[in-house]
Amino acid sequence: MKTRRGFLKAIGLGAGSLLMPGCMAAARQLTPKGGKQSNVVLVMTDDQGYGDLACHGNPDIQTPNLNKLYMQSVRLTDFHVGPTCSPTRAALMTGRYCNRTGVWHTVMGRSLLRKDEVTMGDVFSGAGYRTGIFGKWHLGDNYPFRPQDRGFGEVLIHGGGGVGQTPDYWGNDYFDDTYLHNGSRKKFEGYCTDVWFDRAMKFIEANKNKPFFCYIPTNAPHSPYNVADEYIKPYLDKGLPERQARFYGMITNIDDNMARLMHRLEKLGLEENTILIFMTDNGTSGGGYSAGMRGKKGSEYDGGHRVPCFIRWPRGGLTGPGDIDRLTAHVDLLPTLIELCGLKRPRGVKFDGDSLVPLLMGRDESWPARRTAGWPDRTLITDSQRIEHPEKWRKSAVMTDRWRLVNGTELYDIKADPGQKNNIADGNPSVVEGLREAYEDWWADVSERFDEDCEIIIGSAKENPSRLTCHDWHSVGGIRQAQSSQGAVGQGVQVSGFWAVEVARDGVYEFALRRWPKELDAPINAAVPGGKAISATSARLKIADLDVTKAIPKGAHAVTFGVGLKAGKKHLQTWLTSDGDASWGAYYVYVRRL
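Residues numbered from 1 in each chain as written. Predicted model: local features only at pLDDT ≥ 70, side-chain atom pairs only at ≥ 80, totals over all residues. Heavy atoms only, no water.

Can you break down the overall build of the protein chain residue by residue, with the values?
Assigned secondary structure in the protein chain consists of 14 helices and 27 strands. Relative to the globule expectation of 25 Å for 594 residues, the C-alpha radius of gyration of the protein chain, 24 Å, shows essentially globular dimensions. For the protein chain, the C-alpha atoms occupy an extent of roughly 80 × 55 × 55 Å along the three principal directions. Scored against the burial criterion, the 594 residues of the protein chain give a buried share of 61%. Separation of charge centres in the protein chain, based on 75 positive and 69 negative side chains, amounts to 6 Å. (Helix = DSSP H or I, 4+ residues; strand = E, 2+ residues; numbered from the N terminus. Rg over C-alpha atoms; globule rule 2.2 N^0.38 Å. Buried < 20%, exposed > 50% of the residue type's maximum accessible area, 1.4 Å probe, protein only. Lys, Arg positive; Asp, Glu negative; His and termini not counted. Charge placed at Lys NZ, Arg CZ, Asp CG, Glu CD.)

Describe the pattern of salt bridges, and please don't skip the residues or the numbers.
In this structure the tally under the stated criterion is 35 salt bridges. In this structure, Asp78 engages Arg404 in a salt bridge whose closest nitrogen and oxygen atoms are separated by 3.0 Å. Here Arg404 lies in strand E16 (residues 403-406) and Asp78 lies in the loop between strand E2 (74-76) and strand E3 (79-80), a separation of 326 residues in the sequence. Like Arg404, Asp78 is buried. Across the pair Arg260 and Asp198 runs a salt bridge, and its minimum N-O distance is 2.8 Å. Here Asp198 lies in helix H6 (residues 192-206) and Arg260 lies in helix H8 (residues 242-267), a separation of 62 residues in the sequence. Bridged by salt links that share partners, the residues Asp46, Arg89, Lys136 and Asp281 form one connected network. (Salt bridge = Lys/Arg side-chain N within 4 Å of Asp/Glu carboxyl O.)

Give a description of the packing of helix H3 (residues 64-72) against H8 that names residues and reports values.
Put simply, H3 and H8 touch, their axes get as near as 7 Å, and they point 55 degrees apart. In terms of orientation, H3 and H8 fall into the oblique class. Taking contact as the criterion, the partners of Pro64, Asn65, Leu66, Leu69 and Gln72 in H3 are, on H8, Asp255, Asp256, Met258, Ala259 and Met262. For the contact of H3 with H8, the residue count by class is 6 nonpolar, 2 polar and 2 charged. (Axes fitted to C-alpha atoms, helices over the stretch in contact; angles between N-to-C directions. Parallel < 35°, antiparallel > 145°, perpendicular 65-115°, else oblique. Contact = heavy atoms within 4.5 Å. Nonpolar A, V, L, I, M, F, W, Y, C, P; charged D, E, K, R; others polar.)

Give me the state of the cysteines: which residues, what numbers.
Under the criterion given, the structure shown has 0 disulfides. Lacking any disulfide linkage, Cys454 is separated from the closest cysteine sulfur, that of Cys98, by 12 Å. In this model Cys470 remains outside any disulfide bridge; the closest cysteine sulfur is found in Cys85, 17 Å from its own. (Disulfide = S-S within 2.5 Å.)

Can you explain the sheet that holds strand E21 (residues 507-514)? Please cite residues and give values.
Strand order in the open sheet formed by 4 strands is E19-E27-E21-E24, and the pairing between neighbours is antiparallel. In this open sheet, the two edge strands, each paired with only one partner strand, are strand E19 (466-469) and strand E24 (559-565). Sheet twist, expressed as the mean angle between neighbouring strand axes with direction ignored, is 25 degrees. Direction of pairing for E19 relative to strand E27 (residues 588-593): antiparallel, over a ladder of 4 bridges. Paired with Arg467 across the two strands is Tyr590, which belongs to E27. (Pairing = 2+ DSSP bridges.)

With reference to specific residues and values, describe the packing of aromatic side chains.
In this structure the tally under the stated criterion is 28 aromatic pairs. When the centroid spacing of 5.5 Å and the interplanar angle of 55 degrees are considered together, the rings of Phe134 and Phe203 count as tilted. Placement of Phe134 in strand E4 (residues 130-135) and of Phe203 in helix H6 is noted, with a sequence separation of 69 residues between them. Taking relative accessible area as the criterion, Phe203 reaches 8% and is therefore assigned buried. Where Phe278 meets Phe310, the ring centres are 5.8 Å apart and the plane angle is 35 degrees; that geometry is what we call tilted. You can see Phe278 sitting in strand E9 (residues 274-280) and its partner Phe310 sitting in strand E11 (residues 309-312), a full 32 residues away along the chain. Taken together, Tyr97, Trp104, Trp393, Tyr439, Trp442, Trp443 and Phe450 form an aromatic cluster joined through their ring pairs. In this arrangement the basic side chain of Arg540 is found over the ring face of Trp575, its NZ or CZ atom lying 4.0 Å from the centre. (Phe/Tyr/Trp six-rings, centres within 6.5 Å; stacked < 30°, edge-to-face > 60°. Lys NZ or Arg CZ within 6 Å of the ring centre and 35° of its normal.)

Please set out the environment of Ala220 residue by residue, giving values where relevant.
For Ala220, the location among the structural elements is in the loop between strand E8 (212-217) and helix H7 (229-237). The class for Ala220 is buried, based on a relative accessible area of 0%. In this structure Ala220 touches Thr45, Asp46, Thr193, Met250 and Ile254, once residues within four positions along its chain are discounted.

Run through unusual backbone geometry, naming residues and quoting values.
The omega torsion of the bond from Ala220 to Pro221 falls at 0 degrees, within 30 degrees of zero and hence cis. Residue Pro321 is reached from Gly320 by a cis peptide bond, and omega for that bond is -5 degrees. Positive phi, normally seen in glycine, also occurs at Asn407, with a value near 55 degrees.

Describe the side chain of Arg593, and please don't skip the residues or the numbers.
With respect to the helices and strands, the residue Arg593 is situated in strand E27. Engagement of the side chain of Arg593 in a polar contact is seen with the backbone oxygen of Gly459, the distance being 2.6 Å. Dropping the residues within four chain positions of it, Arg593 is found in contact with Gly459, Ala461, Asn464, Arg505, Val508 and Tyr509. (Polar contact = N/O pair within 3.5 Å; in protein donor to acceptor, adjacent residues only side chain to side chain.)

Tell me about the confidence of the model for the protein chain, residues and numbers included.
With 91% of its residues at a pLDDT of at least 70, the protein chain reaches an overall mean of 93. Segment residues 15-29: pLDDT under 50, and 22 contacts once partners within four positions in sequence are set aside and those in other chains are kept. (pLDDT = per-residue confidence, 0-100.)

Go over the pairing of strand E7 (residues 184-187), please, and point to the residues and values.
Sheet topology note: the strand E6 (residues 178-181)/E7 ladder contains 4 bridges and is antiparallel. Pairing of Tyr179 across the sheet is with Lys186, part of E7.

Go over the packing of H6 against H8, please, and point to the residues and values.
Between H6 and H8, the shortest axis-to-axis distance is 10 Å and the interhelical angle comes to 10 degrees. Judged by the inter-axis angle, H6 sits roughly parallel to H8. Along the contact surface, H6 presents Thr193, Asp194, Phe197, Asp198, Met201, Ile204 and Glu205, while H8 presents Asn253, Ile254, Asn257, Met258, Arg260, Leu261, Arg264 and Leu265. When grouped by side-chain class, the residues that make up the contact of H6 with H8 number 7 nonpolar, 3 polar and 5 charged.

I'd love a proper account of helix H4 (residues 85-94), names of residues and values included.
Within H4, 10 of the 10 residues are buried, which leaves the element mostly enclosed by the surrounding structure. Residues of H4 that are buried: Cys85, Ser86, Pro87, Thr88, Arg89, Ala90, Ala91, Leu92, Met93 and Thr94. In the core, the buried residues of H4 are packed alongside strand E1 (39-45), helix H5 (120-126), E8, E9 and helix H10 (333-341).

This is the structure we're talking about:
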């Protein structure tokens, strides 16, 4: 089994990596001789749509500090991501379409970023940057998928795709929670978003004399819509429904934190030489003002995947206000940052995105018209699979500067019809044919590894023991999205699925099957506050060709199995079964190589 370090060495990434020849001209242009390399701060919020900003015309929301950044930035006004969380994160981190990276869902083992993908963290750390992540990762909670396995030196995250999901610490509710700090659980005081920004600013200050890449992917304003009353009240006073008031309150809290971040960069003398990017991960989940677009989070229409992207870099001449209206996307940001910062492109990695430096740089009185005139027409594709096995044309959008082909059959002229109300496919058969051909080529390319799983490695020195959760079960028997929720565990939802695992090496392995996580430490059949009791009498473990069952002792918190395993890829599945027909998967399994 090739190690992660060996893999990175093979593609030419290591501390202090030098520039490849193709990057030298850009580096000489953008990086001053003998000067400190530019820093990067990338802020990405969760479930905040294009219309959830006052600067984009929302009449209700209060975002004065993001409005300020908007005026100081170059804005990508036709910038697209995936319609949901993990797919956007995979594409952002790799510069490659999410479908080819193994990530096309948010659960079911399909949110795990293939171990042979090179991330933004790898590229920056390989160039000698200090790297940190503060917030939501959502590309895997076990080795080799964790951020500390993917190029991030300082890590503070919650588990899974949201605070309160099954991989997260039990009972977290956004206030005074327990998070993972460099692999260990630690309790923090304060509101989640405040904690992420507090720790990010400490990281920035500690590394102010070195180049750093600071990634702040907030979990807010993702549900549940929990925030302090002081942020909710102004919107209730406006007469907004409570759900909307809470959602907007979370965004206003983010706005306050952006003010703190920008002030800290200025105070530390880092504002001029820091590339500050603000973006979001998909369309709105809160509803309300849509900026005239059709759809919201999860949608194949523009409202599901067209999002804000503001870029400010005073030293590089990236200051506002200025708009670039050409088609751009999440996959463009990594190649762009590589060129802006003069970093080394990893060998053998084919980016799906392009560097946006030709669009961004060289500003004068004719910018951006002069720059965009030479930018080629391009076709980009996004989709929302959210199933175990991808389906062709499912919830897809083929995009150009002018056109949107939706689900292979609907055609919209996005310049004339930004609300995507008038399907004009029948009147433009040649356009439809051309866009369908582009999709066919794309699908043939990205689908080559759809039959592969992304295995969690157990028994490795990098993570032993491992804590597996039902969040990453693959589909068995019509499994539901409820697998990601602590609430579903509490209610005893009767579902099960298998984990795709790779046994790191031959040995004896201990499997502890639990309904409740260790931090809760409750009996398997017990009810906890807000939950229900179950009546399981036996526990079953199946891995490879081993299939063993044990009785559950009265009051047992776990049932433990010791089995000898050979190294290699396997499926692991568990059941907690009653004397009747009821059966539950063991939602939490702790695996240890002895």
